[in-house]
Amino acid sequence: KLKMSVVARVRCEHGDNLTSEQIARILAIQQTTNVSRAKYRVHATRQMFGGKKLKMSVEKTMLRISAMGFRTSKVMPFADKETDDDDADTCIYEFSIDKYAVLENAGQVVVKVTRRGNIAKPGRVYYQTEDGTAKHESDYVKVEGWLEFGAEECEKHIQIAIIDDAVYEEDEDFYITLSDPSNNGKISAPSSDDKVSARLGPTSKAIITIIDDDEAGILSFKEDTMTLYMTAEDCEHQILVCRRQGGCGEVKLSYATESDSALAGKDFEEAKGELVFQPQQMEAFIPITIKNAPRYDTRERFRLVLTEPTGGAKLDEQKDGGAAKNILTINIEVDPTVKKHIDHVRSALIRNWDRSKVGHANWAEQFKQALWVNGGEDADDGDESQPSCMDKVMHCITLPWKLLFALVPPTDYCGGWVCFLCSLIMIGVVTMFIGDMASLLGCVMCVPDDITAITLVALGTSLPDTFASKTAAEQDPYADASVGNVTGSNSVNVFLGLGLPWMIAAFFWAGAEDDPKWFSKYGSDPDLGWLGPIGQRKQAFVAPAGSLAFSVAIFSTCAGICLALLAVRRRVYGGELGGPRAGKLVSAGFLVLLWLFYIAVSAANTISTMGGSSCAK
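Residues numbered from 1 in each chain as written. Predicted model: local features only at pLDDT ≥ 70, side-chain atom pairs only at ≥ 80, totals over all residues. Heavy atoms only, no water.

### Describing the overall build of the protein
Across its full length, the protein holds 12 helices and 18 strands. Residues counted as buried form 32% of the 617 residues belonging to the protein. Taking contacts inside the protein between residues at least 6 apart in sequence as the whole, the part at least 24 apart equals 71%. Of the roughly 38100 Å² of accessible surface on the protein, 59% is carried by carbon and sulfur atoms. (Helix = DSSP H or I, 4+ residues; strand = E, 2+ residues; numbered from the N terminus. Buried < 20%, exposed > 50% of the residue type's maximum accessible area, 1.4 Å probe, protein only. Contact = heavy atoms within 4.5 Å. Areas by Shrake-Rupley, 256 points an atom, 1.4 Å probe, with all protein chains shown as cover.)

If you want it as structure tokens, here you go:
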């Protein structure tokens, strides 16, 4: 049913005439995570030169959808955190106990309200009862009003009448709450400004349980087992003991710890004593201290035992230990956050230890992939397609370069820094080689360097970007990667590829000794007046612009026209890429003509500036 609903949604959004394959592809794109532009570039480069191809995420997602179907996820809520509200400069009102129990035939229950902190002035707080399972007029008499405190007075009592009837009932609850505290010395009319010095404590709401009998109650731990976590320092925990089915009179019982795999004095502090429940008190706590003992992945345990209840109370016979004693088994474990940190450090050490071994294997695999067409066969790929004739031709042409680049160490060494630095060196070598070869080719063909730069060099360095953009346009659901791939590459070429070498050259010539060759070439050049008058110039880095200004102007104009075309396509076809076949062909042809126009105009300007071809000159 879930699959059918997803298919129906896709057909509703994209049309009813979609095939199953088209639906699967749409779902694959919707399920695909974002792919980096670097991955598209690597994929395109390897596709051009017969290297090992990468599987795009869309294809992987289609396989995952067809094999596993659709899944749903669940979100787990977070627990609220408690805050500490101790403040010596503030008057705090709260109940002394947050849970009371009263027998139905007791007639009334007395609730004590305490005031602590700054109690030098008189104050008051508003109280009122609220129904729970117990209802006013049938189970108790509703009360509300202001509770007045005098100066230095720290406690007051509220009396609530309990209605006794002859009908059997289960234990019932109702509530009493505090609100609107003040501490201003003017009990009759506190101002809003004075309320700032008074507030409610954490027990501003108490629950009152009406018990239908006169039993002292049954005592027990809330659970038979619990887990306490070891921290960096000795930590005290409060163990809850509950009293139910009665709350008459004072009740006492003995408690003591028993060692098991956890030993007293080493893993925990031995605890032994007597726990006292006041009349109508339904909860009490036993303090247990867990010591900071060396421990990683072990679980230690000990027991806390309740015995010898007095005052008519009984131990819960359904709990561990039966009616004679109540046993709580306490497990001691390492804090999960601490264990996670230790595991992270341990795994990092193991990875660093094994990385050199893995690095040697990966380095050898690089040479294997360089020697074979398309990187050789890989059983994990599941791709049984044979390399094409073009793949074999490009592999033979680029084999020396593949073997050269296989010398770059894999990323397993030094966190990838060795690979990064060696890759930069290789890029520099290739760039220098291509630049010199392009210049020599232009010289042989009588083509000026300016024209060689915007044709042969630019075309060779931009081919990976072109094919990477093509791959991104086919695989990505949006045009961001395909358009941004080209603009980002050009930005790096201009700002970093030109800026960094020019900056280094400028610093070099500014600090270098006077060079006679520099002064003979630029010392009397009338176009370099910005260096100073002739005969008084200081040497600096000089790069004549030539036809650069005209070429940049033509390029900027063509770039603006290209952006305008993309804007028109968005309005006409709803997107920068794609659309009807006729529109795609017209757009592609226009952009190619735009590039040819830029080459032709820039080349013509360069030749006219030089006064003829470079050979003739």
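### Section: the sheet that holds strand 10 (residues 218–221)
The 4 strands lie next to each other as 15-12-10-17, forming an open sheet whose pairing is mixed. The open sheet has two edge strands, strand 15 (283–290) and strand 17 (314–315), and neither has a second partner. (Pairing = 2+ DSSP bridges.)

### Observations concerning the environment of alanine 468
Tracing the sequence through the fold places alanine 468 in helix 8 (residues 449–475). A relative accessible area of 0% places alanine 468 in the buried class. Along the chain, alanine 468 and valine 486 lie 18 residues apart, while their C-alpha atoms are 8.9 Å from each other.

### Concerning the sheet that holds strand 2 (residues 99–103)
Within the open sheet, the 5 strands sit side by side as 2-9-7-4-5. Their pairing is mixed. The sheet is open, and its two edges are formed by strand 2 and strand 5 (144–149), each paired on a single side. Averaged over all adjacent pairs, the angle separating strand axes in this sheet is 25 degrees, with direction ignored. Pairing of strand 7 (residues 172–182) with strand 9 (residues 205–211) involves 6 bridges; the strand directions are antiparallel. (Axes fitted to C-alpha atoms, helices over the stretch in contact; angles between N-to-C directions.)

### Brief notes about the packing of helix 6 (residues 389–405) against helix 7 (residues 417–444)
Close contact between helix 6 and helix 7 brings their axes to 11 Å; oriented N to C, the two are set at 150 degrees. By the angle between their axes, helix 6 is roughly antiparallel relative to helix 7. For the pair helix 6 and helix 7, the crossing hand works out as right-handed. Between helix 6 and helix 7, the residues in contact are Trp401, Leu404 and Phe405 and Met426, Val430 and Phe433, respectively. Classifying every residue of the contact of helix 6 with helix 7 by side-chain character gives 6 nonpolar, no polar and no charged. (Parallel < 35°, antiparallel > 145°, perpendicular 65-115°, else oblique. Left-handed = near helix turned anticlockwise from the far one by under 90°. Nonpolar A, V, L, I, M, F, W, Y, C, P; charged D, E, K, R; others polar.)

### Remarks on the packing of helix 8 against helix 12 (residues 581–610)
Where helix 8 meets helix 12, the closest approach of the two axes is 8 Å, and the angle between their N-to-C directions is 150 degrees. Between helix 8 and helix 12, the interaxial angle falls into the category roughly antiparallel. Contacts between helix 8 and helix 12 involve Asp450, Ile451, Ile454, Thr455 and Leu459 from the first element and Trp595, Tyr598, Ile599, Ser602, Ala603, Thr606 and Ile607 from the second. Across the contact of helix 8 with helix 12, the residue classes break down as 8 nonpolar, 3 polar and 1 charged.

### Structural notes on a nonpolar patch on the surface
Taken together, the side chains of Trp401, Leu404, Phe405, Leu407, Phe433, Ile434, Met437 and Leu440 present a nonpolar region at the surface, about 700 Å² in accessible area. Elements with a contribution of two residues or more to the nonpolar patch: helix 6 and helix 7. Among the elements that line the nonpolar patch, the one with the most residues is helix 7, at 4 residues. Mapped onto the elements, leucine 407 comes out in the loop between helix 6 and helix 7. (Patch = residues over 30% accessible without salt bridge, like charges linked within 9 Å, V, L, I, M, F, W, Y side chains within 5 Å. Salt bridge = Lys/Arg side-chain N within 4 Å of Asp/Glu carboxyl O.)

### Describing helix 12
Counted at 1.5 Å a residue, the expected span for helix 12 with its 30 residues is 44 Å, and the 44 Å between its end C-alpha atoms agrees. Along helix 12, the residues that are buried comprise Gly583, Ser587, Leu594, Tyr598, Ile599, Ser602, Ala603, Asn605 and Thr606. Against the buried residues of helix 12 lie helix 8 and helix 11 (548–573). (Expected span 1.5 Å × (residues − 1).)

### Structural notes on the pairing of strand 4 (residues 123–131)
Direction of pairing for strand 4 relative to strand 5: antiparallel, over a ladder of 6 bridges. Bridge pairing in strand 5 places glutamine 128 opposite glutamate 144. The pairing of strand 4 with strand 7 spans 7 bridges and is classified as antiparallel. Its bridge partner being in strand 7, glutamate 130 is matched across the sheet by tyrosine 175.

### So, the confidence of the model for the protein
Overall, the prediction assigns the protein a mean pLDDT of 78, with 76% of residues at 70 or greater. By mean pLDDT, the top-scoring element of the protein is strand 4 (94), and the lowest-scoring one is helix 4 (residues 57–68) (48). (pLDDT = per-residue confidence, 0-100.)

### With respect to unusual backbone geometry
At aspartate 180, a position not held by glycine, the phi torsion is positive, near 50 degrees. When you line up the elements, aspartate 180 lands in strand 7. Phi angles above zero are rare outside glycine, and glutamine 280 is one such case at about 65 degrees. By the secondary structure assignment, glutamine 280 is in the loop between strand 14 (272–277) and strand 15. Taking the relative accessible area as the measure of exposure, glutamine 280 reaches 26% and is therefore partly exposed.

### Things to note about the side chain of threonine 329
With respect to the helices, strands and loops of the structure, threonine 329 is situated in strand 18 (residues 326–334). Residue class for threonine 329 comes out buried when judged on its relative accessible area of 17%.

### Digging into the pattern of salt bridges
Within this structure, the stated rule accounts for 13 salt bridges. Two residues, arginine 116 and glutamate 94, come together in a salt bridge whose shortest N-O distance is 2.8 Å. Highlighted residues: arginine 116 in strand 3 (residues 108–117) and glutamate 94 in strand 1 (residues 91–95), separated in sequence by 22 residues. Salt-bridge contacts for glutamate 153 lead to lysine 156; the nearest nitrogen and oxygen are separated by 3.1 Å. Counted as one network, the salt bridges with shared partners bring together Glu258, Asp260, Arg301 and Arg303.

### Describing the packing of aromatic side chains
As enumerated under the stated definition, the model contains 12 aromatic pairs in all. Centroid distance tyrosine 126 to tryptophan 146: 5.3 Å. Interplanar angle 70 degrees. Geometry classified as edge-to-face. In this pair, tyrosine 126 is assigned in strand 4 and tryptophan 146 in strand 5, connecting sequence segments 20 residues apart. Residues tyrosine 140 and phenylalanine 174 carry aromatic rings whose centres are separated by 3.9 Å and whose planes lie at 10 degrees to one another, so their mutual orientation is stacked. Remark: phenylalanine 174 occurs in strand 7 and tyrosine 140 occurs in the loop between strand 4 and strand 5; sequence separation between them is 34 residues. The same class applies to tyrosine 140 as to phenylalanine 174, namely buried. Chaining the aromatic ring pairs together yields one cluster made of Trp401, Phe405 and Phe433. Residue placement shows arginine 124 over the ring face of tryptophan 146; its charged tip is 3.7 Å from the ring centre. Stacked on the ring of tyrosine 175, the Lys or Arg lysine 205 has its end atom at 4.8 Å from the ring centre. (Phe/Tyr/Trp six-rings, centres within 6.5 Å; stacked < 30°, edge-to-face > 60°. Lys NZ or Arg CZ within 6 Å of the ring centre and 35° of its normal.)

### Notes on the environment of alanine 134
Within the secondary structure layout, alanine 134 lies in the loop between strand 4 and strand 5. Judged by relative accessible area, which is 0%, alanine 134 ranks as buried. Expressed as a C-alpha distance, the spacing of alanine 134 and phenylalanine 174, which sit 40 residues apart in the sequence, is 5.4 Å.

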